[in-house]
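Chain and residue survey
The residues making up each chain are set out below.
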Amino acid sequence: MKETAKSIEQVVLELVRMIPKGRVTSYGAIARAIGTPRSSRMVGWILGHSVEIGTYPAHRVVNRSGLLSGRHHFQPPERMEQLLASEGVQVRDNKVVDFEALFWDPMEEV
């Protein structure tokens, strides 16, 4: 039996599930880790649609400077910050405090 290749969406979502609680990563870091470094917007699109499902920790993925740029996909938009706060991640003005220290790089961690 021939095994089928995983879709990019499946690969992105599997990688997002690996982000530890209390850590964050960026759309670009995920794109680089899956071998498509110029597809951070595609990663954002995939995660924007996965928020509705609720089984993926999309709240742990932010933009390259730590901004909660995907917050508008959460209902209410403050939900993204609330989920991060429940894991000990501080957010101020819609931006992760101490982003560099909390950054999870899938290229180094996986």
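Before any of the text, the structure's been laid out above.
Reference entry: report on the structure contained in this document. The shown structure was predicted, so the numbers you read here are calculated from the model rather than taken from an experiment. The written sequence of each chain sets the order in which its residues are numbered from 1. In keeping with the model being predicted, local features are shown solely for residues with a pLDDT of at least 70 and side-chain atom pairs are shown and tallied solely at 80 or more, while totals for entire chains, interfaces and linings include all residues. Derived side-chain values reflect all non-hydrogen atoms in the structure, with water molecules and hydrogen atoms excluded from consideration.

**Quick notes on the overall build of the protein**
Stated precisely, the cut-off is as follows: Runs of H or I in DSSP of at least four residues are treated as helices and runs of E of at least two as strands, each being numbered from the N terminus. Radius of gyration here uses only the C-alpha atoms, and the compact-globule reference equals 2.2 Å multiplied by the residue count raised to the power 0.38. Throughout, exposure labels follow a simple rule: accessible area from a 1.4 Å probe, protein chains only, divided by the maximum for the residue type, with under 20% read as buried, over 50% as exposed, and the rest as partly exposed. Pairs of residues are marked as contacts when any of their non-hydrogen atoms sit within 4.5 Å. In this description, accessible areas are obtained by the Shrake-Rupley approach with a 1.4 Å probe, and a residue is regarded as covered only by the protein chains that are shown. Only four residue types enter the charge count, namely Lys and Arg as positive and Asp and Glu as negative; His and the chain termini do not. We put the charge of a Lys on NZ, of an Arg on CZ, of an Asp on CG and of a Glu on CD.
The helix and strand inventory of the protein stands at six helices and four strands. Along the protein, helices and strands appear, N-terminal first, in the series α-β-α-α-β-α-β-β-α-α. Expected size for 110 residues packed as a compact globule is a radius of gyration near 13 Å; at 14 Å, the protein falls within 12% of this value. In terms of overall dimensions, the protein has a C-alpha envelope of 50 × 30 × 25 Å along the principal axes. When the 110 residues of the protein are sorted by exposure, 41% land in the buried category. Sequence-distant contacts in the protein: of pairs separated by 6 or more residues, those separated by 24 or more amount to 61%. Counting every atom, the protein has about 6900 Å² of accessible surface; 49% of that belongs to carbon and sulfur. The distance from the centre of the 14 positive side-chain charges to the centre of the 13 negative ones in the protein is 3 Å.

**Brief notes about the nonpolar core**
In globular proteins that are soluble, nonpolar side chains generally tend to be buried together. What counts is decided by this rule: Note on terminology: a nonpolar core comprises buried Ala, Val, Leu, Ile, Met, Phe, Trp, Tyr and Cys residues joined through side-chain atoms within 4.5 Å.
Counting 28 residues, the largest nonpolar core has Leu47 and Val96 as its most contacted members. Every element with two or more residues in this core is listed here: α1 (8-17), α2 (27-33), α3 (40-50), β2 (61-62), α4 (79-86) and α5 (99-102). Ranked by residue count, the leading element in this core is α1, at four residues. Here Leu47 is in contact with Val12, Leu13, Val16, Tyr27, Ala58 and Val61, once residues within four sequence places are set aside.

**Focus on α4**
Counting along an α-helix, one turn takes 3.6 residues, and residues three or four places apart therefore face a common direction. Note the threshold: As used here, the arc is the angular range of directions from the helix axis to the C-beta atoms.
Listed in full, the buried residues belonging to α4 are Met80, Leu83 and Leu84. Buried residues of α4, seen end-on, are gathered within an arc of 100 degrees and therefore sit on one face of the element. Against β2 and β3 (91-92) lie the buried residues of α4. Once α4 finishes, Gly88 follows within two positions and takes phi at roughly 90 degrees, a positive value.

**A few points about the side chain of His59**
The line we're drawing: For this analysis, a polar contact is any N or O atom pair within 3.5 Å, provided that within protein one partner can donate a hydrogen and the other can accept it, and provided that sequence-adjacent residues contribute only side-chain to side-chain pairs.
Within the secondary structure, His59 sits in the loop between α3 and β2. Note on His59: relative accessible area 7%, which makes it buried. In this structure the side chain of His59 is engaged in a polar contact, spanning 2.9 Å, whose partner is the side chain of Glu87. In contact with His59, not counting residues within four places along its chain, are Phe74, Met80, Leu83, Leu84 and Glu87.

Remember, this is a structural readout, not a statement about activity or role.
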